[in-house]
Structures are given as C-alpha cells and as structure tokens.
There are 2 protein chains.
Amino acid sequence: MSERAPKFTRDLPESRRKQLIEATARSLARHGLDGTTVRVVAAEAGVSPGLVRHHFAGMHDLIAETYRWTGKELEKVLRAALAAAPPTPEGQLHAFIDASFLTPTLDTDLLGVWLTFWSLTRTDPEIHAIHQKVYASYRRRIDELLSALAAEKKLALDTRLATLAFTALLDGLWLEHCLDAATYTAEDAATIAHDWLDSLVAGNFMATPRAAIALNAK
Amino acid sequence: MSERAPKFTRDLPESRRKQLIEATARSLARHGLDGTTVRVVAAEAGVSPGLVRHHFAGMHDLIAETYRWTGKELEKVLRAALAAAPPTPEGQLHAFIDASFLTPTLDTDLLGVWLTFWSLTRTDPEIHAIHQKVYASYRRRIDELLSALAAEKKLALDTRLATLAFTALLDGLWLEHCLDAATYTAEDAATIAHDWLDSLVAGNFMATPRAAIALNAK
DNA sequence: ATCTTTATTGAACAACTGTATAATACACAA
DNA sequence: TTGTGTATTATACAGTTGTTCAATAAAGAT
C-alpha cells in the first residue's frame, strides 16, 4: 500500500525511438497522414506528446524515420524469403513474388504506410531522397537476378526494361490490391506475377526491339 | 475615370465550381494534400476563402469533387484516343497504352493528383467509394477489349486475370515514373506495355493454369 | 431608375497543429 | 541514503486550419 506505482517508466533512447516509429506506422496505416499528429502518435505509443520532440527533431523527422524503418523492415522480410529459396535466379525471383504477396507480415497495414510515403515523395525533398535510395537498392537486386537468369537461360533480354517491368507489375498489383482488397486476392496477384515470369523465362518477352519497329512503320 | 473597376465579377455557380476544382487540382499537384488549404485554393482561383464554402459543402467535399472531375477528365482523354485508333481490339489496346504515356495532357501534374487520392482511399470512405466506381468502369473497358482480342485471335485467355495484369502494369509504370521521373522515360514505359501486349497476342500469357501446376507440385 | 436576387467578400471564430519550456521523477551511481 | 543525469510529463504558446456569418455589391429583372 505504501508503495506507489511509478508515473512512468524510463527507457533507453534507442528503444523509445523504435516504439514511437512503430506507433507512427500504425497511425499512418489506420488514420492516414492527416490523422497522424503528435498527440495521436504519443497516445498510440502510450507516452506524452512532449516526448516526441525529445527523441526526434520534429514531427517531419519522425515520419521520415518511419519511412526508413519501414523500408528496412520490408527488405528484411524479402531477404529472409530469398535465403530460404532455391539459389537459382528463377527460384529466387519466384520466391520474391511469393514474399511480396503471400507473406503474413506484408499485410495491408504495413504496405498501406507505403502509400502515404508515395504521396509525400512528389512534394517533400527529404522523402524523395529516401525514396530514391530505397528503390535504387530494390531495383539493383532485381536487375542482378534477371541478368543471371538471362545468362543462364541464354535469353536476349533488355534487363533494364525487364527490371522496370517487373517492379512496376509488382507495385501495381500490390497497389490496387491495397486500395480495394475486394477486387482480387493476394493469390491472384501472385499468380499473375508468376505467370509473367514464366513467360519471360520462355523467351517471349523483352526480346523484340519494339521501338525500332515503330520507327520503321512510320 | 469616374468609372470604378468592379471589386469582383460574378459568375454562374457551375462555372465557379469548375474554377475552384481546377485550382484544387493544381494545388494538389504542386503542394500536395498538406499544402492544399482553403486559402491556398482560393488564392489559386483568385477568389476569397469564403467562396469555397458557398459552392461546396466543405473542403473535404471540394477534394472529393476534384477526384470525380479528374477521373472524368482522364476518361475523356482516353476515349478520344480510342476513337482515333484502329477499331480492332489490338489497335484499341495499343492506343490505350500510348494515350496513357505519350499524351501531353496526361502530364505528371494531372497524374500526380491521382497519387493524393490513392493515399486517401484507404482511410476516407467517400474517396474509397469514388475510387471503386472509377476503377470498375476502367477495368470493364479493358476487359471488353481483351475478351474481343481473345475471341479474334482464338486465345485461351483468363480475361479477368489479364485485365488485372494490364491495369496493374500501367498503374505501376506510371506510378514509379511519377515518383521519380529520372529513372525512366514515358517512352520506356510505353515500350514495356506494348511489349507485354504483343506477348499476350502471341499467346504466351495467362494461358497456363499456374495454380493447378503449383498444387500438383505439392 | 429602382428593386431583387445572390454571388462574393472579409473578418472573426473555435479547434487543432507542431513546438518550446520548466517542473518532475525515474533509474542508477556513489 | 544521497546525489546526479536526463527521460518524461504537463502546460503554455504562436500559427494555421476549416468554418461561420453579416455586410457588400454585381448583374439581371421590372
């Protein structure tokens, strides 16, 4: 009875920062960017609003850090999926697709946050810089796998365009699934992507120099 | 000299609403959702802030109306492109791709607005409803063309999945181009999409029941 | 000219935003 | 136990938000 409960518990800066970042991610997923305020995030993390400024330069900084964290989190999941898959280029790429759509941790909440960042990328220079960094590493990985695939299967492949097509297809599929989950399932998305890759392996893709054809037609 | 200039000019509600909607679209493209406030929009349209509430139920309503307007504007451009193209399914689909990437009116500004709406779709019920309506009509059109294509070319095609793939590829290509125009050009995007369609026509796509294969493999 | 309608203005409002700051009290060392 | 550092709280603050509303004046009707 004489022992009073502490009004709050201290924590290491590193740990508290992570809690605030995760709270921000949850808020972005649920309430969108508009609804993600200092007070909402603080409440979500179970701390007082003032603590945000103590651990971050400001609200904008917190959101940017949440972007970086989400990117790393995503990469972690994908990396693990690739490590467990067959070490062939084809096996790795198929595993990449499965990880993108069939992994429980890649739920619409986690990916819904991504949409928020996309909308910020066009107008916010700092977010734009983060975006470039994240996507450059993302595309490099795909490009390496597609190059290895082309070499192994002896495909005449424009790996640059193929990489762009692959990432665009995955992003598009996930985007539309996220915007309206009722339209199609994650399994549908995976099927489509796998099928695209199969067609690529069969050599029916990115081999025809269409641009040259179009020029001749004129 | 005795004639004083009018402090403002009146306008028909319909006309003024359109001006405000267009001002909102410009603001969304330039300053993002955060920067699009009642005062900013009013200044962009050259009117007083109070006028917004006179023509719209509120700021939220204005943004929703801007979504509807942008959707119609986009459909108008696509419809015109299809009307000018060869009436064959293949010709129509290729024209659809060109219109999506090579039309001057479909600049990154107009499409940048779309991103804003996407970010709202997940958390705002009204925007979500508009999104469903717009995309349903969008997909119906593609589905009809792909069905006609499959019939003409006698392709064993899952048109539902093919439609999803087609729209996802276009959305993804445009999205990533919008987010970082330095990565690839609109011509690159068009080339990729045309190539995908060519591959589809050649019969190398969406014909294999991958799901069944996967089940047998287990 | 005068009247009527109503599009338009501009300021005032309450609510909310991110931030600044002083007081507090937890956790650990001596 | 006492002292020290600082994570944490709570409040206050200035700025901005969407909205309200009475006054104004433009434009057509009479």
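This one's a predicted model, so the numbers in the text were calculated from it and none came from an experiment.

Reading guide: rules and limits
- Throughout, residues of each chain are indexed from 1 in the direction in which the sequence is written.
- Here chains are named by letter from A upward and ligands by number from 1 upward, in the order in which they appear as written.
- Note on the predicted model: pLDDT of at least 70 is required for a residue's local features to be given, and 80 or more for side-chain atom pairs to be given and counted; whole-chain, interface and lining totals, by contrast, use all residues.
- Note that water and hydrogens are dropped before the side-chain values are worked out from all heavy atoms of the structure.
- Residues below a pLDDT of 70 in either copy are left out; the C-alpha atoms of the rest, at least 70 in both, set the least-squares superposition of the copies.
- Contacts: residue pairs with any heavy atoms within 4.5 Å of one another.
- A side-chain nitrogen of Lys or Arg and a carboxyl oxygen of Asp or Glu constitute a salt bridge if their distance falls within 4 Å.
- Starting at the N terminus, helices and strands are each numbered in turn, a helix being any DSSP run of H or I of at least four residues and a strand any DSSP run of E of at least two.
- Accessibility here uses a 1.4 Å probe with only protein chains present; expressed as a share of the type maximum, an area under 20% marks a residue as buried, one over 50% as exposed, and anything in between as partly exposed.
- Summed over both partners, the accessible area lost on bringing two parts together, with a 1.4 Å probe, is the buried area.
- Whenever a nitrogen or oxygen atom comes within 3.5 Å of another N or O atom, the pair is scored as a polar contact, on the condition that within protein one atom can donate a hydrogen and the other can accept it, and that pairs from neighbouring residues in sequence are kept only if both atoms are in side chains.
- Per residue, pLDDT measures the predictor's confidence, with a range of 0 to 100.
- One heavy atom within 4 Å of a molecule or strand is enough for the residue carrying it to be called near that molecule or strand.
- The nonpolar class holds Ala, Val, Leu, Ile, Met, Phe, Trp, Tyr, Cys and Pro. Asp, Glu, Lys and Arg form the charged class, and all remaining residues, Gly among them, are polar.
- To define axes, lines are fitted to C-alpha atoms, for helices over the stretch in contact only, and angles between the resulting N-to-C directions are given on a 0 to 180 degree scale.
- Each crossing gets its hand from how the near helix is turned against the far one by less than a right angle, where anticlockwise is left-handed and clockwise is right-handed.
- For this classification, under 35 degrees means roughly parallel, over 145 means roughly antiparallel, 65 to 115 means roughly perpendicular, and everything else is oblique.

Visitor: Explain the relation of the copies chain A and chain B here, please?
Guide: The relation between the two copies of this chain is a rotation about an axis and a shift parallel to it. The transformation that overlays chain A on chain B combines an axial shift of 0.0 Å with a rotation of 180°, and the residual RMSD is 0.1 Å. Taken together, these values place the two copies in the relation of a two-fold axis. In this assembly, 100% of the residues forming the interface of chain A have copies in chain B that are likewise at the interface, indicating an isologous arrangement.

Visitor: Before we go on, may I ask you to explain the pattern of salt bridges in this structure?
Guide: As a working rule, side chains carrying opposite charge can pair if their charged atoms are close by. By the definition in use, this model includes 22 salt bridges over all chains. Between Arg30(A) and Glu44(A) there is a salt bridge whose closest N-O contact spans 3.4 Å. One end of the pair, Arg30(A), is in helix H1 (residues 13–31); the other, Glu44(A), is in helix H2 (residues 38–45), with 14 residues separating them in the sequence. Judged by its relative accessible area of 26%, Glu44(A) is partly exposed. With a shortest N-O distance of 4.0 Å, Arg122(A) and Asp109(B) are connected by a salt bridge. On the criterion of chain membership, the pair formed by Arg122(A) in the loop between helix H6 (108–121) and helix H7 (125–153) and Asp109(B) in helix H6 (residues 108–121) is interchain, its members lying in two chains. A relative accessible area of 24% means that Arg122(A) is categorised as partly exposed. Note on Asp109(B): relative accessible area 38%, which makes it partly exposed. Overlapping salt bridges bring together Arg17(A), Glu65(A), Arg68(A) and Glu126(A) as one network.

Visitor: Can you walk me through the interface of chain A and chain B in this structure?
Guide: At the junction of the two partners, chain A supplies 51 residues and chain B supplies 51 residues. In this assembly, chain A packs against chain B so that about 4400 Å² is buried in total across both faces, 58% of it on carbon and sulfur atoms. In this structure, the connection of chain A to chain B is made through six salt bridges. Among the salt bridges present, the one from Asp188(B) reaches Arg160(A), with a minimum N-O distance of 2.6 Å. Counting every contact that joins chain A to chain B gives 14 residue pairs in polar contact (both at pLDDT 80 or more). Elements represented by at least two residues in the side of chain A that touches chain B include exactly H1, H6, H7, helix H8 (159–179) and helix H9 (186–201) of chain A.

Visitor: So what exactly am I meant to see when it comes to the confidence of the model for chain A here?
Guide: Parts of the model with low pLDDT should not have their predicted coordinates read in detail. Of all residues in chain A, 92% attain a pLDDT of 70 or more, and the chain-wide mean is 91. pLDDT under 50 marks residues 211–218 of chain A. Its contacts with residues more than four places away, or in other chains, come to one contact.

Visitor: How should the protein's contact with DNA strand C be read in this particular structure?
Guide: Neighbouring residues of DNA strand C: 22 residues in total, closest Arg10(A), Arg39(A), Arg53(A), Arg10(B) and His54(B). In DNA strand C, the atoms that sit within 4 Å of the protein are 65% sugar and phosphate, with bases accounting for the remainder. Here Val38(A) contributes a backbone N or O atom positioned 2.9 Å from a phosphate oxygen of DNA strand C. Here a phosphate oxygen of DNA strand C and a side-chain polar atom of His54(B) are 3.4 Å apart. Of all the elements in the fold, those that place two or more residues in the surface near DNA strand C are H2 of chain A together with helix H3 (50–55) of chain B. Of all the elements, H3(B) adds the most residues to the surface near DNA strand C, at four residues. Taken together, the residues of the surface near DNA strand C break down into seven nonpolar, eight polar and seven charged.

Visitor: Looking at this structure, I do not really get the packing of helix H5 (residues 89–102) of chain A against H7(A). What am I missing?
Guide: In a pair of packed helices, the angle between the axes and the distance between the axes together describe the arrangement. All names here are of chain A. Following both chains from N to C, one finds H5 and H7 inclined at 145°, their axes separated by 8 Å at the closest point. Viewed along their axes, H5 and H7 form a crossing whose handedness is left-handed. Note on element contacts: H7 touches H5 through Tyr138, Arg141, Ile142, Leu145, Leu146, Ala148, Leu149, Glu152 and Lys153, opposite Pro89, Glu90, Gln92, Leu93 and Phe96.

Visitor: Quick question: what am I supposed to make of the packing of H6(B) against helix H8 (residues 159–179) of chain B here?
Guide: Residues and elements named next belong to chain B. At a minimum axis distance of 10 Å, the contact between H6 and H8 shows a crossing angle of 105°. On the basis of their axis angle, the class for H6 and H8 is roughly perpendicular. The residues of H8 that touch H6, namely those facing Thr108, Leu111, Gly112, Trp114, Leu115 and Trp118, are Asp171, Trp174, Leu175, Cys178 and Leu179. Looking at the contact of H6 with H8, its residues break down into eight nonpolar, two polar and one charged.

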